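Structure at a glance
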Amino acid sequence: MSTKRLEADVVILGAGFGGSLAASALSRQGLDVLLLDCERSRTNPLEAEKIEPDQAALLRDLGLLDERVPAAPPIGMVRNYDGSGIQDFDTVEQYGISWHETVLRLRDVAARGSRVETASVRWIRPDPVRPRVGLDDDREISARLVVVATGGHGGLPDGLSLSRVVDNSLRSLTYGFDIGGLSSDFTGFNYFLGKNPDGVDFLTTFRVGDRVRAHVFTQQRPGDRVVSEATNSMDGALTSWFPGLDAHLGPVSVSSPITVVNSTYRRTRDAGAADGVVIIGEEFQTVSPTTGDGLTHLLTDVKLLCERYVPGWLAGPHSKVRAFYGDPEKLAVGRTALDHWCYYRDRQTWDRVPLYIRAMRKARRA
Ligand SMILES: Cc1cc2nc3c(=O)[nH]c(=O)nc-3n(C[C@H](O)[C@H](O)[C@H](O)COP(=O)(O)OP(=O)(O)OC[C@H]3O[C@@H](n4cnc5c(N)ncnc54)[C@H](O)[C@@H]3O)c2cc1C
C-alpha cells in the first residue's frame with residue numbers, strides 16, 4: 001500500500017479532554033488543525049466528573065465552560081464532614097459533569113474548526129521545523145507542531161525516545177458508582193477520613209443531572225483483598241469505611257455497576273529534547289484523582305500552550321518547545337499536584353488530618 005501524505009499546521013494526537021480543547025483554541029487562531037483519536041468514543045467511563053472553581057475559570061477563559069454536559073447550574077451547597085463532628089459548608093462554583101458526554105461534546109466543538117479523524121498513532125519523528133507522525137492506516141502527516149494529548153493510558157508512540165520518572169509509592173485507586181435513595185434536594189456531601197487500615201481517603205457525592213455520583217478515593221493496590229471485597233459489596237464497604245454515613249445521607253444504596261481506576265505517578269523526563277513535539281496533560285504527568293488537580297494541570301497546559309507559546313513558535317521557523325516545559329506557571333501547577341499526591345500518601349501514617357484538609361480546601365477557594 002502506498003503511503004498517503006497529509007499536511008497540517010498542528011496535528012493533535014488524542015481527542016480527549018485536553019486534545020479537543022487545544023484543537024478548538026488553536027483553530028480559532030486560524031491554524032489548520034488535525035485532531036486524531038484511536039477511538040471514536042472512549043469506553044472507560046470513570047474520569048473527572050466534577051469541575052472545581054479554578055477549573056471553571058480556566059474553561060470560561062477558553063470560552064468552553066458552557067459545553068459541559070449536562071449544562072446544569074452549579075452543584076450548590078456541599079456539606080463537608082471530617083468524621084470528628086466538625087462540619088463546614090462549601091458553596092463555591094462546582095459543576096457535576098458526565099466526563100464521557102462532555103468529551104464527545106468538546107470533540108464536536110473542535111470539529112467546527114478542525115479536521116477530526118479516527119486513527120491510531122504508530123510513530124512520531126520529532127523535528128524542530130517539520131515533525132512527522134505515522135498512522136496505523138499507513139498515512140503520514142507532516143506538520144509544524146505535534147501535540148501529544150494521549151492521556152497516559154498506554155506507552156508513548158515509537159520514535160519518542162523519552163524516559164519517565166515513575167514512583168510506585170504514589171498511587172490512587174478510585175471507585176466510582178451511582179447512589180440511590182437520596183432526596184431530590186440533595187446537592188453534595190464529602191466525608192473525609194484520616195489514617196485508617198484500609199487506606200481510604202474520602203468519599204465525595206455530588207449531583208450530575210438527575211443522578212447522584214459517588215467517588216471513593218483510596219491508597220489501595222489493585223490486587224488487595226479489600227478491593228475485591230469492596231467491589232463485590234460496596235454497600236457493606238461504605239458502612240464499614242464511613243461510620244454513621246446514613247445519619248448524614250439517610251439510607252442510601254449503590255445503584256449502578258462499580259468502576260475501579262488505578263493510577264500511579266509518572267512524569268516525562270526531558271520532554272524538551274523532542275523538538276517540534278509537545279506533550280500535555282496526563283500523558284506528560286499523571287495527577288492523582290484523589291487530589292482533584294487533574295483538570296487544573298491539563299487546562300493550564302492547554303491555556304499556556306495555545307495562548308502563550310504556539311503563536312510565537314509558528315510565527316518563526318522553529319518551535320523551541322523546551323520553553324513550555326520550563327514555564328513557571330506550568331512548573332508550579334505540576335509541583336502542587338505532586339505535593340498534594342505526596343500528602344495523601346503520607347497522611348495515612350499520620351494521626352491528625354482534618355486541619356490540613358481544610359487548609360487545602362481554603363487554598364483552592366482562594
Ligand atoms: C477516577 C478519576 C477521577 C478523576 N477525578 C478528577 C477530578 O475530580 N478533578 C480533576 O480535575 N481531575 C480528575 N481526574 C483527572 C482527569 O480526568 C484527567 O486529568 C483528564 O481527563 C486528562 O485528560 P487528557 O486530555 O490528558 O487525557 P484523556 O482525556 O484521557 O484523553 C486521551 C485521549 O487520547 C486517545 N489516545 C490514546 N492513545 C492514542 C493513540 N496512540 N493514538 C490516538 N489517540 C490516542 C484516547 O482515546 C483519549 O481519547 C480524574 C481521573 C480519574 C481516573
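Here we summarise the structure given alongside this text.

**Concerning the site of the ligand**
Near the ligand, the surroundings consist of 39 residues, among which G14, G16, G151, G281 and G294 are the closest. Only α1 (17-27), β2 (33-37), β11 (164-180), α7 (281-284) and α8 (294-315) provide two or more residues apiece to the shell around the ligand. In terms of residue count, α8 provides more of the shell around the ligand than any other element does, four residues in total. Split into classes, the residues belonging to the shell around the ligand amount to 15 nonpolar, 16 polar and eight charged.

**Some thoughts on the pairing of strand β14 (residues 211-218)**
Burial within β14 is extensive, with seven of its eight residues counted as buried. Here β11 runs beside β14; their pairing, made up of six bridges, is antiparallel. Across the sheet, residue T174 finds its bridge partner in β14, namely F217. Where strand β13 (residues 200-208) folds back on β14, the antiparallel hairpin that results is connected by two residues, among which G209 adopts a positive phi of roughly 65°.

**Some thoughts on unusual backbone geometry**
Following V69, the chain continues to P70 via a peptide bond in cis, the omega torsion being -5°. A positive phi is found at D138, a non-glycine position, where the angle reads about 75°. Examined against the element boundaries, D138 turns out to sit in the loop between β9 (132-135) and β10 (139-148). Residue D138 is classed as exposed on the basis of its 11 C-beta neighbours within 10 Å. In this structure, D270 takes a positive phi of about 45° despite not being glycine. Position of D270 among the secondary structure elements: in the loop between β16 (259-268) and β17 (277-279).

**Describing helix α2 (residues 53-61)**
Of the positions making up α2, those classed as buried are D54, Q55, L58 and L59. Taken down its axis, α2 places every buried residue within 135° of arc, on the same side. Count one or two residues on from α2 and you reach G63, which has phi positive near 75°.

Quick notes on the rules
- Residues numbered from 1 in each chain as written.
- Predicted model: local features only at pLDDT ≥ 70, side-chain atom pairs only at ≥ 80, totals over all residues.
- Near = placed C-beta within 6 Å.
- Helix = DSSP H or I, 4+ residues; strand = E, 2+ residues; numbered from the N terminus.
- Nonpolar A, V, L, I, M, F, W, Y, C, P; charged D, E, K, R; others polar.
- Buried ≥ 20, exposed ≤ 12 C-beta atoms within 10 Å, placed from the backbone.
- Pairing = 2+ DSSP bridges.
- Arc of directions from axis to C-beta.

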